[in-house]
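Residues per chain are reported as follows:
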Amino acid sequence: MSASTEQTNGRATAAGIDPRGPRFGAAITASLLLVTVVLAVAGAATPAFWLLVALTALFAWGAFAGIRRHPFGLLFARFVRPRLAPPAELEDPRPPTFAQGIGFAVAAAGVVLALLGVPYAVPIAAAVAFVAAFLNAAFDFCLGCQIYLLLVRARVIRTA
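Our subject in this report is the structure included herewith.

Rules of the game
- Residues numbered from 1 in each chain as written.
- Predicted model: local features only at pLDDT ≥ 70, side-chain atom pairs only at ≥ 80, totals over all residues.
- Heavy atoms only, no water.
- 1 Å grid on protein atoms, 1.4 Å probe; cavity = no way out; pocket = protein on both sides within 12 Å on 5 of 7 lines; lining within 4 Å.
- Points joined across faces, edges and corners; volume = space filled by probe spheres on them.
- Helix = DSSP H or I, 4+ residues; strand = E, 2+ residues; numbered from the N terminus.
- Nonpolar A, V, L, I, M, F, W, Y, C, P; charged D, E, K, R; others polar.
- Disulfide = S-S within 2.5 Å.
- Salt bridge = Lys/Arg side-chain N within 4 Å of Asp/Glu carboxyl O.
- Buried < 20%, exposed > 50% of the residue type's maximum accessible area, 1.4 Å probe, protein only.
- Axes fitted to C-alpha atoms, helices over the stretch in contact; angles between N-to-C directions.
- Parallel < 35°, antiparallel > 145°, perpendicular 65-115°, else oblique.
- Left-handed = near helix turned anticlockwise from the far one by under 90°.
- Contact = heavy atoms within 4.5 Å.

**Observations concerning empty space enclosed by the protein**
Empty space left among the atoms is revealed by rolling a probe the size of a water molecule over them.
Here comes step 1: Here the structure, examined in full by the defined rule, presents 1 cavity of 30 Å³ or more.
Here comes step 2: Of the pockets and cavities examined, the largest cavity occupies roughly 30 Å³.
Here comes step 3: Taken together, Thr 29, Leu 55, Leu 58, Phe 59, His 70, Phe 72 and Gln 100 form the lining of the largest cavity.
Here comes step 4: Element by element, the count of residues in the lining of the largest cavity is highest for helix H2 (residues 45–65), at 3 residues.
Here comes step 5: Looking at side-chain class alone, the lining of the largest cavity contains 4 nonpolar, 3 polar and no charged residues.

**Topic: the environment of Phe 64**
Here comes step 1: Residue placement: Phe 64 occurs in helix H2.
Here comes step 2: With 13 residues separating them along the chain, Phe 64 and Ala 77 place their C-alpha atoms 19 Å apart.

**Examining the state of the cysteines**
Here comes step 1: Enumeration over the complete set of coordinates arrives at 1 disulfide.
Here comes step 2: Cys 142 shares a disulfide with Cys 145; S-S distance 2.4 Å. Disulfide Cys 142-Cys 145: the torsion about the S-S bond is 70 degrees, which places it as right-handed.

**Looking at the pattern of salt bridges**
Here comes step 1: Considering all chains together, one arrives at 4 salt bridges under this definition.
Here comes step 2: One salt bridge in this structure joins Asp 140 and Arg 23, with 4.0 Å as the shortest N-O distance. Of this pair, Asp 140 sits in the loop between helix H5 (121–139) and helix H6 (143–153) while Arg 23 is found in helix H1 (residues 20–41), placing the two residues 117 residues apart along the sequence.
Here comes step 3: Judged by its relative accessible area of 48%, Asp 140 falls in the partly exposed class.
Here comes step 4: Assessed through its relative accessible area of 28%, Arg 23 is described here as partly exposed.
Here comes step 5: Put simply, Asp 18, Arg 20 and Arg 81 are held in one network by salt bridges that share partners.

**Details of the packing of H1 against H5**
Here comes step 1: At a closest axis distance of 8 Å, the pairing of H1 and H5 adopts a crossing angle of 150 degrees. Between H1 and H5, the crossing angle belongs to the class labelled roughly antiparallel. When the axes of H1 and H5 are compared, the crossing they make is left-handed. Facing H1, whose interface residues are Pro 22, Arg 23, Ala 26, Ala 27, Thr 29, Ala 30, Leu 33, Leu 34, Thr 36, Val 37, Ala 40 and Val 41, H5 presents Val 122, Pro 123, Ala 126, Ala 127, Ala 129, Phe 130, Ala 133, Phe 134, Asn 136, Ala 137, Ala 138 and Phe 139.
Here comes step 2: Of the residues in the contact of H1 with H5, the class split is 20 nonpolar, 3 polar and 1 charged.

If you want it as structure tokens, here you go:
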């Protein structure tokens, strides 16, 4: 079985994604999260809040529609990947999709807490999500993917 297939219910299915796609998306996300933190700390609370709301929606898109349908993944597939050599191997889309879910949870917590009047909810949530996105973009270390793998090993998440 090649790197681009996985075993599902006894049959092989194409399932791999280019691992550079999530890194591309993480770079854009990290940049937008950094802008959110800077706006919030500089006193522009309303624009920071709405930017976090937009990022929360993007995380939800990636988590619920899947990493392949995320707008940044589509941008990568349309404009960046055709200019690159093929990847050495493809990656399972489930860990990055799970990571989007964690990003959604962190960002949504910041939005909800801000709506409840918690003073620094937006910059703290944006900073936490920024650290994870930056690690992925700069060092190819997907924190959410590592959590996914730990949960699979602990048999909290089933893979087949």
